[in-house]
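Okay, here's what each chain looks like letter by letter:
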Amino acid sequence: LCGRWLDKGEDDKQIVRELPASNADGVCTVPLVKYKVDVTTGDRRGAGTDANVSLTIYGTNGNSGERKLEGSGNLFERAQTDNFGFECVDLGEIQKIIIGHDGKGFGSDWFLDKVVITNEATNQVNYFLCGRWLAKNQDDGQLTRELPASNEDGVASVPLNKYKITVITGDRRGAGTDAAVHINIIGDKGESGKRRLEGSSRDLFERASRDEFGFECVDLGEIQKIVIGHDGAGFGAGWLLDRVIVKSETLGKEYFFMCGRWLDKGQDDGKIERELVAEAQSGAGISPLVGYKVEVMTADRRGAGTDANVFIQVYGKSGNSGEVKLSSASKDTFERAQTDVFGFESEDLGDLTKIRIGHDNSGFSAAWLLDKVIVTNLKNNSKTFFL
């Protein structure tokens, strides 16, 4: 009796065997057993793999040897269960498996949920729960995992929750950004990790725009705060963020994050990332802008006009406009006995109290004889005269 391989690649690699004589027949090889293998890929973004997956089953009687799991169609796709089968000698009580992939192909990272193995001779079912990444750049970087056998099924990976993110850019000149914006949502059960907010439209994060995004991640519990920012790249990277609204689609609950500040290396405090605490209700956000019309009358005197650069600062009970340069496409401004009209936007200044107006004394004939100024609030059409 033999029952052994004559193969340079199997058993003891011998291709010649010496067999002693026997007066009786017997069973020289152990009968084969069919095993059914069900592999479930997790429900995560990018969970599927194009790599070559292999499996080794270990039991009290030995192991199956490494078996490549292959078949027709698109195997190991997100949230998919793939079925395989093979024969080997009876392994006895199954104790563990080693499963992994070779890291080849585009998108080789794999999120394995679980493996179920059935001995079709005895109908014994063993469960191998994983719920982890087999990826060089995720989790612990391992491409192979050893999983112990269990007689009971379970939840290997936490179900995903859908989150909707609404980002509102402020209504100010230059408020929009061309930089790459990212967000990290933090709850009492964990955080989403940094996610880039991108979409099919190129015109994201424009002035006074409302952009919506969505992604899936494990349940974060009660959301406590977010960290939002940008990479500072591109022309016009500075960004005035009004507010962010995060909605848990599964729970139907909204969280509000008020900002009203610049994320700009050249404005405010120079930060391009901000941590915002969750609020139960939406606030007022950035105050809407009010248009102001400025009429400037130059006096009717010889030499009254100026070629200098003129500026104005308007003060009210609710604040001031900041210094505004009064310029026009026409070169002939601030001429003798002439009224020039300008406009600017600002937060509502309330009742106007004073103005500060002047020039930089540049150019030929900078001297200027100012007659009066009229400032009109275009929201309520109220006029204030400055003589």
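Definitions and limits used
- Residues numbered from 1 in each chain as written.
- Predicted model: local features only at pLDDT ≥ 70, side-chain atom pairs only at ≥ 80, totals over all residues.
- Heavy atoms only, no water.
- Helix = DSSP H or I, 4+ residues; strand = E, 2+ residues; numbered from the N terminus.
- Rg over C-alpha atoms; globule rule 2.2 N^0.38 Å.
- Contact = heavy atoms within 4.5 Å.
- Areas by Shrake-Rupley, 256 points an atom, 1.4 Å probe, with all protein chains shown as cover.
- Lys, Arg positive; Asp, Glu negative; His and termini not counted.
- Charge placed at Lys NZ, Arg CZ, Asp CG, Glu CD.
- Polar contact = N/O pair within 3.5 Å; in protein donor to acceptor, adjacent residues only side chain to side chain.
- Disulfide = S-S within 2.5 Å.
- Buried < 20%, exposed > 50% of the residue type's maximum accessible area, 1.4 Å probe, protein only.
- Phe/Tyr/Trp six-rings, centres within 6.5 Å; stacked < 30°, edge-to-face > 60°.
- Pairing = 2+ DSSP bridges.
- Axes fitted to C-alpha atoms, helices over the stretch in contact; angles between N-to-C directions.
- pLDDT = per-residue confidence, 0-100.
- Salt bridge = Lys/Arg side-chain N within 4 Å of Asp/Glu carboxyl O.
- 1 Å grid on protein atoms, 1.4 Å probe; cavity = no way out; pocket = protein on both sides within 12 Å on 5 of 7 lines; lining within 4 Å.
- Points joined across faces, edges and corners; volume = space filled by probe spheres on them.
- Nonpolar A, V, L, I, M, F, W, Y, C, P; charged D, E, K, R; others polar.

1. Topic: the overall build of the protein
Okay, so step 1: On a plain count of helices and strands, the protein comes out with 0 helices and 26 strands.
Okay, so step 2: For 387 residues, the compact-globule formula gives about 21 Å, and the C-alpha radius of gyration of the protein, at 37 Å, lies well above that figure.
Okay, so step 3: Overall, the C-alpha framework of the protein stretches about 140 × 45 × 30 Å when taken along its three principal axes.
Okay, so step 4: Long-range contacts, defined as pairs at least 24 residues apart, comprise 70% of the intrachain contacts of the protein with a sequence gap of at least 6.
Okay, so step 5: Within the structure as shown, the protein displays about 22000 Å² of accessible surface, and the carbon and sulfur contribution to it stands at 44%.
Okay, so step 6: Charge-centre separation for the protein: the mean point of 48 positive side chains lies 7 Å from the mean point of 60 negative side chains.

2. Observations regarding the side chain of T376
Okay, so step 1: With respect to the helices and strands, T376 occurs in strand β25 (residues 370-377).
Okay, so step 2: For T376, the residues in contact, after removing those within four places along its chain, are G291, Y292, K293, E295, N381, S382 and K383.

3. A word on the environment of Q338
Okay, so step 1: Along the chain, Q338 turns up in the loop between β22 (324-326) and β23 (339-347).
Okay, so step 2: In this structure the C-alpha to C-alpha distance between Q338 and D140, which are 198 residues apart in sequence, comes to 75 Å.
Okay, so step 3: Beyond its immediate chain neighbours, meaning those up to four positions away, Q338 contacts V296, M297, T298, D332 and T333.
Okay, so step 4: Looking at Q338, its side chain comes within polar contact range of the main-chain oxygen of D332, at 2.8 Å.
Okay, so step 5: A distance of 2.7 Å separates the side chain of Q338 from the side chain of D340, its partner in a polar contact.

4. Let's talk about the state of the cysteines
Okay, so step 1: In the structure shown here, the tally under the stated rule is 0 disulfides.
Okay, so step 2: There is no disulfide at C217, and the cysteine sulfur nearest it, in C130, is 20 Å away.
Okay, so step 3: Look at C217 and you get buried, because its relative accessible area is 5%.

5. Quick look at the packing of aromatic side chains
Okay, so step 1: The final tally for this structure, using the stated rule, is 10 aromatic pairs.
Okay, so step 2: The interplanar angle of 65° and the centroid separation of 5.3 Å between the aromatic rings of F205 and W239 together place this pair among those described as edge-to-face. Of this pair, F205 sits in the loop between β13 (195-196) and β14 (210-218) while W239 sits in strand β16 (residues 239-248), placing them 34 residues apart in sequence. In this structure, F205 and W239 share a single accessibility class: buried.
Okay, so step 3: Seen in terms of ring centroids, F334 and W368 are 5.3 Å apart; in terms of plane orientation they differ by 65°. Their pairing is edge-to-face. Here the residue F334 occupies a position in the loop between β22 and β23, and W368 occupies one in the loop between β24 (352-359) and β25, the gap between them amounting to 34 residues. As far as burial versus exposure is concerned, F334 and W368 are alike and both buried.

6. Concerning the sheet that holds strand β5 (residues 81-89)
Okay, so step 1: On the basis of which strands lie adjacent, the open sheet formed by 4 strands has the order β5-β1-β7-β8 and antiparallel pairing. If you trace the sheet from one side to the other, it starts and ends with β5 and β8 (124-134), each paired once. On average, each strand axis in the sheet is tilted by 20° relative to the strand beside it, whichever way the strands run.
Okay, so step 2: Sheet topology note: the strand β7 (residues 110-119)/β8 ladder contains 9 bridges and is antiparallel. If you follow V115 over to β8, its bridge partner there is F128.

7. A word on the confidence of the model for the protein
Atomic detail in the predicted coordinates should be set aside for any region of low pLDDT.
Okay, so step 1: On average, residues of the protein score 91 in pLDDT, and 98% of them reach the 70 mark or higher.
Okay, so step 2: Mean pLDDT across the elements of the protein bottoms out in strand β12 (residues 190-191) (88) and peaks in β25 (97).

8. Structural notes on the sheet that holds β23
Okay, so step 1: As summarised here, the arrangement of the 4 strands in space is β23-β19-β25-β26, forming an open sheet in which the pairing is antiparallel. Of all the strands in the sheet, the pair left with one neighbour each is β23 and β26 (382-386). Within the sheet, the average angular offset between the axes of one strand and its neighbour, ignoring direction, is 20°.
Okay, so step 2: Relative to β23, strand β19 (residues 289-298) is paired through 9 bridges, and the arrangement is antiparallel. Looking at β23, one finds that K293 is bridged to G343.

9. With respect to the pattern of salt bridges
Okay, so step 1: Counted under the stated rule, the structure contains 26 salt bridges.
Okay, so step 2: Salt-bridge contacts for K164 lead to E212; the nearest nitrogen and oxygen are separated by 3.8 Å. A residue pair is termed long-range when its members are at least 10 positions apart, and K164 in strand β10 (residues 160-169) and E212 in strand β14 qualify at 48 residues.
Okay, so step 3: Assessed through its relative accessible area of 29%, K164 is described here as partly exposed.

10. Structural notes on the layout of surface pockets
Okay, so step 1: Its boundaries defined by the atoms lining it, the second largest pocket holds a volume of some 320 Å³.
Okay, so step 2: Ranked by residue count, the leading element in the lining of the second largest pocket is β23, at 5 residues.
Okay, so step 3: Residues of the lining of the second largest pocket, tallied by class, amount to 3 nonpolar, 4 polar and 5 charged.

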